[in-house]
Structure formats: C-alpha cells, structure tokens
Amino acid sequence: MVFLHGGVQHVWDKVTDPWLEKEVAWVRRVLEQGVQVIGFCLGAQILAEALGGTVYRQDCKETGFYKIEPSPQGAAHPLLNGLEQGFSSFLWHEDHYTLPGDCVSLAYTAGVPNQIVVSRRFPAVGFQFHPEYTRHWIQTYVQECRNENWRTEAGSLPANAFLAELALREDTFALFEKLIENTLKWFGERFGKKDGGGSV
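Residues numbered from 1 in each chain as written. Predicted model: local features only at pLDDT ≥ 70, side-chain atom pairs only at ≥ 80, totals over all residues. Heavy atoms only, no water.

Chemist: It is not clear to me how the overall build of the protein should be interpreted in this structure. Could you clarify?
Modeler: Of the regular secondary structure elements, the protein holds 5 helices and 7 strands. Starting at the N terminus, the α and β elements of the protein follow one another as β-α-β-α-β-β-β-β-β-α-α-α. Scaling as 2.2 N^0.38, a compact globule of 200 residues should have a C-alpha radius of gyration of about 16 Å, and the protein matches this with 16 Å. Seen along its three principal axes, the alpha-carbon backbone of the protein occupies a region of about 45 × 40 × 30 Å. In the protein, of all internal contacts separated by at least 6 residues, the share reaching a separation of at least 24 is 73%. Carbon and sulfur atoms provide 50% of the accessible area of the protein, an area that totals close to 9700 Å². Of the side chains in the protein, 18 bear a positive and 24 a negative charge, and the two mean positions are spaced by 5 Å. (Helix = DSSP H or I, 4+ residues; strand = E, 2+ residues; numbered from the N terminus. Rg over C-alpha atoms; globule rule 2.2 N^0.38 Å. Contact = heavy atoms within 4.5 Å. Areas by Shrake-Rupley, 256 points an atom, 1.4 Å probe, with all protein chains shown as cover. Lys, Arg positive; Asp, Glu negative; His and termini not counted. Charge placed at Lys NZ, Arg CZ, Asp CG, Glu CD.)

Okay, here's the thing in structure tokens:
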C-alpha cells in the first residue's frame with residue numbers, strides 16, 4: 001500500500017520541482033501493478049494526474065475547517081458509511097484537479113468539486129482535505145507556516161482566530177480512522193484482494 005501525503009509543491013509546476021514528473025510516473029506504475037494508493041491533498045493531486053486528470057491553480061483557496069458534503073454518488077457509497085452527512089475537516093490548499101476518467105467524485109465543498117475521488121479501475125482514493133492531521137499537527141503547521149502560506153479567503157479565518165477556534169475542537173483523528181477503515185473495506189470488496197502489488 002502507498003500513502004501520498006501533502007506538501008507545498010504544485011503538480012502543475014514541474015520546472016520548480018522536476019521530481020514530480022517521476023513521482024506521477026511511479027504512481028502510474030504501481031497502480032497498474034494493483035497496489036492500493038491513498039492520497040491526501042498534494043498526494044490526491046499527484047494521484048489524480050496519474051489517473052489522467054489535470055492539476056491546476058484554483059481561484060478558491062481553502063484554509064481552515066470546511067464542511068465536506070456528499071455528492072449524489074457519495075451519499076450511498078461505502079466509503080462514507082458511518083460518517084455524519086456534511087462532516088467537517090481541515091483543508092489547506094490552493095490547487096485542485098479535474099476529475100479523471102473512470103473516477104467518481106464522492107464529496108465536495110462549496111468551492112471545490114472533488115474532495116473525495118475514487119477510481120473504478122484501480123484501488124485508489126484521493127482526499128483533497130486532511131483527515132490525517134491531528135489537532136496538534138494542525139496547530140504546529142499553522143503557527144510555523146502561517147506567514148508564508150496561510151490565506152484568508154473563501155470563508156477562512158485569520159490565523160489567530162483559527163487557532164482560538166481549533167483549541168475548542170475535539171481532535172480530528174477519529175475521522176481519519178473511520179475513512180481508512182471504510183477505504184480498506186471497500187478495496188477488499190471492490191477489488192477482491194488486499195494489495196495486488198505488495199508493499200512498495
């Protein structure tokens with residue numbers, strides 16, 4: 001199984017970060033081998049390009065907690081079993097991607113259409129948001145990186161106000177655990193095996 005995590009890089013800018021070309025090609029290869037792939041934020045964007053989508057700089061930058069709404073396809077999908085309809089999660093991104101062919105979008109926010117994407121062909125799931133971040137990680141990232149990357153648009157709060165709100169929230173890791181549990185179960189039911197290519 002492969003987990004692709006976040007970062008400040010832009011998949012559309014391979015001049016600045018030429019290693020992204022190899023990363024996308026490598027993800028394509030492991031998908032063809034049947035390896036399970038799960039991506040978060042930048043990782044979801046790399047996965048989307050590997051599956052045939054296009055990553056682009058979006059007008060709507062999302063920084064903070066947003067409501068993730070199920071799409072018509074997502075409302076009955078096993079990936080969202082046991083989750084509150086319209087759950088909240090942390091986002092920090094300014095890029096997004098077109099929906100690749102043979103993929104389905106299961107969830108969206110007001111500004112971004114493809115918050116959860118699953119492939120019909122491969123055991124692959126992309127999450128544009130960050131369910132994997134604990135409250136402590138979020139606090140640390142915002143405190144250390146806010147001057148460089150924090151944006152106050154699309155309904156997001158200024159960094160100090162966000163940190164005050166964050167302190168009142170329960171930890172977010174339960175959402176990550178449920179999504180991973182559902183994802184692994186769906187991989188098994190849909191593709192009939194745990195990880196066709198083995199660990200890489």
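Moving on from the model shown.
Chemist: Hey, could you run me through the packing of aromatic side chains in this one?
Modeler: What describes a pair of aromatic rings is the distance from one ring centre to the other and the angle between the planes of the rings. All chains considered together, the criterion is met by 16 aromatic pairs. Here the aromatic rings of Phe 40 and Phe 176 are separated by 6.0 Å at their centres, their planes lie at 50°, and the arrangement is tilted. Of this pair, Phe 40 sits in strand S2 (residues 37-40) while Phe 176 sits in helix H5 (residues 173-191), and the two are 136 residues apart along the sequence. Taking the relative accessible area as the measure of exposure, Phe 40 reaches 1% and is therefore buried. Look at Phe 176 and you get buried, because its relative accessible area is 16%. Judged by centre distance (5.7 Å) and plane angle (25°), the ring pair of Phe 65 and Phe 162 falls under stacked. Of this pair, Phe 65 sits in strand S3 (residues 55-70) while Phe 162 sits in helix H4 (residues 159-166), placing them 97 residues apart in sequence. Phe 162 shares its class with Phe 65; the two are buried. (Phe/Tyr/Trp six-rings, centres within 6.5 Å; stacked < 30°, edge-to-face > 60°. Buried < 20%, exposed > 50% of the residue type's maximum accessible area, 1.4 Å probe, protein only.)

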